[in-house]
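Chains, contacts and geometry: an overview
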Amino acid sequence: MDRQVVVVENTAALSIKGAELIAQHARKAIAERGRFVLALAGGSTVKAAYQLLAHADGIDWKRVSVFWGDERFVDQENPYSNYRLGRSALLDRAIIPARNIYAVDVTSPTPAEGAARYETTIREVVGGDGVPVFDLIQLGMGPDGHTASLFPNSSALTSQSLVAANHAGLAPWVDRVTFTLPLINAARTVLILAGGENKSAHIQQAIEGENADIASLPVAGVRPENGELIWVIDKAAAGELTATS
Ligand code: 6PG
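On a predicted model such as this, the values are computed, not experimentally measured, just so you know.

**As for the sheet that holds strand 2 (residues 36-40)**
Read from one edge to the other, the open sheet built from six strands follows the order 1-9-8-5-2-3, with strand pairing classed as parallel. If you trace the sheet from one side to the other, it starts and ends with strand 1 (2-8) and strand 3 (64-68), each paired once. Each strand of the sheet is rotated relative to its neighbour by a mean of 15 degrees, with strand direction disregarded. Where strand 5 (residues 136-139) meets strand 8 (residues 189-194), four bridges bridge the pair, whose relative direction is parallel. Each bridged residue has a counterpart across the sheet, and for Leu-139 the counterpart in strand 8 is Ile-192. Seen against the sheet, helix 1 (residues 11-33) touches strand 1, strand 2, strand 3, strand 5, strand 8 and strand 9 (228-234) and runs at an angle of roughly 160 degrees to strand 9.

Below, the structure written as structure tokens:
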């Protein structure tokens, strides 16, 4: 695993850098393989990055396929919906064909069924013999050290499925559907955008901690074996950490 830690000045710089990195990887993937398979995150940090990404130069959006690394199991018009966030921040601004947008089916009878259906879709669309390989999975990190909807000590953390249902470990207290670590760690690139003093301890522990306990710090389990992990954090979160190449 290649790992980079990029430290930027503040939240605004986090969004700018995040959008730049996603755009760079999109252009490269499309040039090399003819498509860019991307998984979006939810939460507030990523919204501005997606709005900037929508206006990035040189991306052939017809060749971009969009998934969500996790979803709240609510209607797509619900303010809690990550699909709604991605739709308003990115998909309504960039011209991505509707056939390239793959949302969790939140009309499934249960979150578990929704997870199973999503895993089937991912295997069909992303393809490959083993675990499907995303070009880039973008993640955030919550103040409790969760990522996607992999909350501390939650059942999805030990699931052998690629997509699992999970109960919320933080507000909004709604059921979730989430990528699991095996799927995340198969990606070519995982990009984590996180900032703020309140996340500093967990971020530093995840980046520097040797053998951090994944059950209590799920984001520490993000280790794309054959890929690259890029942390983009702001100075408030970095504390004494220095950027690493
Ligand atoms: C979700 C997100 C979640 C998010 C982090 C960070 O569904 O809630 O996918 O993993 O990325 O909680 O959220 P903030 O950027 O709002 O702190």
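We are not done yet, so read on.
**Observations regarding the site of the ligand**
Not every one of the 15 residues close to the ligand is listed here, only the nearest: Ser-44, Thr-45, Asp-70, Ala-148 and Lys-199. A distance of 2.9 Å separates an oxygen atom of the ligand from a polar atom in the side chain of His-146. At 2.6 Å, a side-chain N or O of Lys-199 approaches an oxygen atom of the ligand. If the ligand stood free it would expose 420 Å²; the protein chains cover 88% of that surface. Structurally, the ligand is housed in the largest pocket.

**A closer look at the sheet that holds strand 7 (residues 176-179)**
If you walk across this open sheet you meet the three strands as 4-7-6, and the pairing is antiparallel. Each having just a single partner strand, strand 4 (70-72) and strand 6 (163-166) make up the two edges of the open sheet. Each neighbouring strand pair of the sheet contributes to a mean axis angle of 20 degrees, computed without reference to strand direction. Where strand 6 lies against strand 7, four bridges are found, and the strand directions are antiparallel. Bridge pairing in strand 7 places Asn-166 opposite Arg-176. Where helix 4 (residues 111-126) meets the sheet, its contacts fall on strand 6 and strand 7, and the angle it forms with strand 6 comes to roughly 165 degrees.

**Regarding the nonpolar core**
Grouped together as the largest cluster of nonpolar side chains are 84 residues, with contacts concentrated most on Phe-67, Phe-134, Phe-179 and Trp-231. The element best represented in this core is helix 1, accounting for nine residues. Apart from residues no more than four positions distant in its own chain, Trp-231 is found in contact with Arg-3, Gln-4, Val-5, Val-6, Met-141, Ile-192, Ile-203, Ala-206, Ile-207 and Val-219.

**Considering the pattern of salt bridges**
Under the counting rule described, the total for this entry stands at 12 salt bridges. The residue Glu-9 makes a salt bridge to Lys-235 at a minimum N-O spacing of 2.9 Å. Residue Glu-9 is located in the loop between strand 1 and helix 1, and its partner Lys-235 is located in helix 7 (residues 235-238); the two are separated by 226 residues in the primary sequence. Arg-188 is the salt-bridge partner of Asp-135, the closest N and O atoms lying 2.8 Å from each other. Linking Asp-135 in the loop between helix 4 and strand 5 with Arg-188 in the loop between helix 5 (181-184) and strand 8, this pair joins segments that are 53 residues apart in sequence. Judged by its relative accessible area of 5%, Asp-135 falls in the buried class.

**Quick word on the side chain of His-146**
Note that His-146 resides in the loop between strand 5 and strand 6. Among the residues examined, His-146 registers a relative accessible area of 13% and is labelled buried. For His-146, the contacting residues outside a window of four places in its chain are Gly-140, Met-141, Phe-151, Pro-152, Leu-170 and Pro-218.

**Focus on the environment of His-146**
Each C-alpha atom of the pair His-146 and His-55 lies 29 Å from the other, and the pair is 91 residues apart in sequence. At a separation of 2.6 Å, a polar atom in the side chain of His-146 contacts the side chain of Asp-144.

Rules used in this analysis
- Along each chain, the written sequence defines residue order, and numbers are assigned to residues from 1.
- The model is predicted, so local features are restricted to residues of pLDDT at least 70 and side-chain atom pairs to those at 80 or more, both for listing and for counting; the totals for chains, interfaces and linings are taken over all residues.
- To obtain the side-chain values, all non-hydrogen atoms of the structure were included, while hydrogens and water were left out.
- Paired strands, as defined in this entry, are two strands with at least two bridges between them according to DSSP.
- Here a helix means four or more residues in a row that DSSP labels H or I, a strand means two or more in a row labelled E, and each is numbered from the N terminus.
- Here the axes come from fitting lines to C-alpha atoms, over the contacting stretch only for helices, and the angles between their N-to-C directions go from 0 to 180 degrees.
- In this description, contact between two residues means that some pair of their heavy atoms is separated by no more than 4.5 Å.
- Residues are classed as near a molecule or strand on a simple rule: at least one heavy atom within 4 Å of it.
- A 3.5 Å cut-off defines polar contacts: any pair of N or O atoms within that distance qualifies, except that in protein one atom must be a possible hydrogen donor and the other a possible acceptor, and neighbouring residues in sequence count only when both atoms are side-chain atoms.
- The accessible surface values rely on the Shrake-Rupley method and a 1.4 Å probe; as for residues, cover is taken only from the protein chains in view.
- Computed over the protein atoms alone on a 1 Å grid, cavities are sets of points where a 1.4 Å probe fits but cannot get out and pockets are open sets with protein on both sides within 12 Å along at least five of seven lines; a residue lines them when it has an atom within 4 Å of a point.
- Those molecules having more than half of their atoms within 2 Å of a cavity or pocket grid point set are described as sitting in that cavity or pocket.
- As used in this record, nonpolar core signifies buried Ala, Val, Leu, Ile, Met, Phe, Trp, Tyr and Cys residues forming a set joined through side-chain atoms within 4.5 Å.
- Remark: exposure states derive from per-residue accessible area (1.4 Å probe, protein chains only) relative to the maximum for the residue type, with buried under 20%, exposed over 50%, and partly exposed in between.
- Every case where a carboxyl oxygen of Asp or Glu lies within 4 Å of a side-chain nitrogen of Lys or Arg is listed as a salt bridge.

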